[in-house]
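# Architecture at a glance
What follows is the residue order along each chain.
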Amino acid sequence: ASQASASQSPTARGTAVTSAELIAMAARYMAIARPANRELDHEFDGFDDHIKDGDLAAAQADLRAAVVTERRFDRQLIALSFPPQTEPFVRLLYRVNQARAELTSTAASVTSLRELRGYQRRLDAANEPVEDAVRVIRAQLGLPPPDTS
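Here goes a summary of the coordinates provided. Computed from a predicted structure; not experimentally measured.

Procedures and definitions
- Residues numbered from 1 in each chain as written.
- Predicted model: local features only at pLDDT ≥ 70, side-chain atom pairs only at ≥ 80, totals over all residues.
- Heavy atoms only, no water.
- Helix = DSSP H or I, 4+ residues; strand = E, 2+ residues; numbered from the N terminus.
- Buried < 20%, exposed > 50% of the residue type's maximum accessible area, 1.4 Å probe, protein only.
- Contact = heavy atoms within 4.5 Å.
- Expected span 1.5 Å × (residues − 1).
- Bend = angle between axes of the 7 residues up to and from the residue.
- Patch = residues over 30% accessible without salt bridge, like charges linked within 9 Å, V, L, I, M, F, W, Y side chains within 5 Å.
- Areas by Shrake-Rupley, 256 points an atom, 1.4 Å probe, with all protein chains shown as cover.
- Salt bridge = Lys/Arg side-chain N within 4 Å of Asp/Glu carboxyl O.
- Lys, Arg positive; Asp, Glu negative; His and termini not counted.
- Charge placed at Lys NZ, Arg CZ, Asp CG, Glu CD.
- Axes fitted to C-alpha atoms, helices over the stretch in contact; angles between N-to-C directions.
- Parallel < 35°, antiparallel > 145°, perpendicular 65-115°, else oblique.
- Left-handed = near helix turned anticlockwise from the far one by under 90°.

### A few points about the environment of Pro84
Mapped onto the fold, Pro84 is located in the loop between α4 (56-79) and α5 (87-108). Judged by relative accessible area, Pro84 falls into the partly exposed class, the value being 37%. Put simply, Pro84 and Val17 are 67 residues apart on the chain and 9.0 Å apart in space, counted from C-alpha to C-alpha.

As structure tokens, then:
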């Protein structure tokens, strides 16, 4: 049954997407984006707090948790079906988020607070291409722009 429904998805058919299909796709996207965003906000807020407090181990744990969240979101994202015009942006989001997860993982493995603080600007910069892709995807799905992605 899943193969039959997959073959009838708008992406597989290569046809225009109906309003109902677009609403359903947007809902599926938000079902994975909302919890991932909440988790990442919590993890990066904790990271910032722990860096300020000088707690290297806790800051590293926050980053490791963020990597798990980023990669889980990517697996869920790539499993969804999107309109053909949105697919390139979904693949872009997947790639830039994977790069951000790799940078986050590298940052989590450093051995000093000084080194870790050196990654803060790079981690912030890695958010920009993710946020850009998210804005395009959300616009194409008829969703409002995110407060934060």
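Once the structure has been displayed, the description carries forward.
### Remarks on the side chain of Thr69
Mapped onto the fold, Thr69 is located in helix α4. You can call Thr69 buried: its relative accessible area is 2%. Sequence-distant contacts of Thr69, that is, excluding residues within four places in its chain, are made with Ala36, Glu39, Leu40 and Glu43.

### Looking at helix α6 (residues 113-140)
Along its 28 residues, α6 runs 41 Å from first to last C-alpha, staying within 8% of the 40 Å computed at 1.5 Å per residue. Maximal helix bending in α6 amounts to about 30°, located at Gln120. Among all positions of α6, only Leu113, Leu116, Tyr119, Leu123, Ala126, Val130, Ala133, Val134, Ile137 and Arg138 are buried. Buried residues along α6 sit in contact with α3 (19-53), α4 and α5. Just past α6, the residue Gly142 takes up positive phi, approximately 80°.

### Describing a negative patch on the surface
A contiguous patch of negative charge on the surface is contributed by Asp41, Asp45, Asp48, Asp49, Asp53, Asp55, Asp124 and Glu128. Listed by contribution, the elements that provide at least two residues to the negative patch are α3 and α6. Looking at the negative patch element by element, the count peaks at 5 residues for α3. As for its position among the elements, Asp48 is in helix α3. Asp48 gets classed as partly exposed once you look at its relative accessible area, which sits at 31%.

### Let's talk about the packing of α4 against α5
Contact pair α4 / α5: the axes reach a minimum separation of 9 Å and the direction vectors enclose 160°. Here α4 is positioned roughly antiparallel relative to α5, judged by the angle of their axes. In this structure, α4 crosses over α5, and the sense of that crossing is left-handed. Every residue of α5 that contacts α4 at Gln60, Leu63, Arg64, Ala66, Val67, Glu70, Arg71, Phe73, Asp74, Leu77 and Ile78 is listed here: Val90, Leu93, Tyr94, Asn97, Gln98, Arg100, Ala101, Glu102, Thr104, Ser105, Ala107 and Ala108.

Keep in mind these values describe shape, not function.
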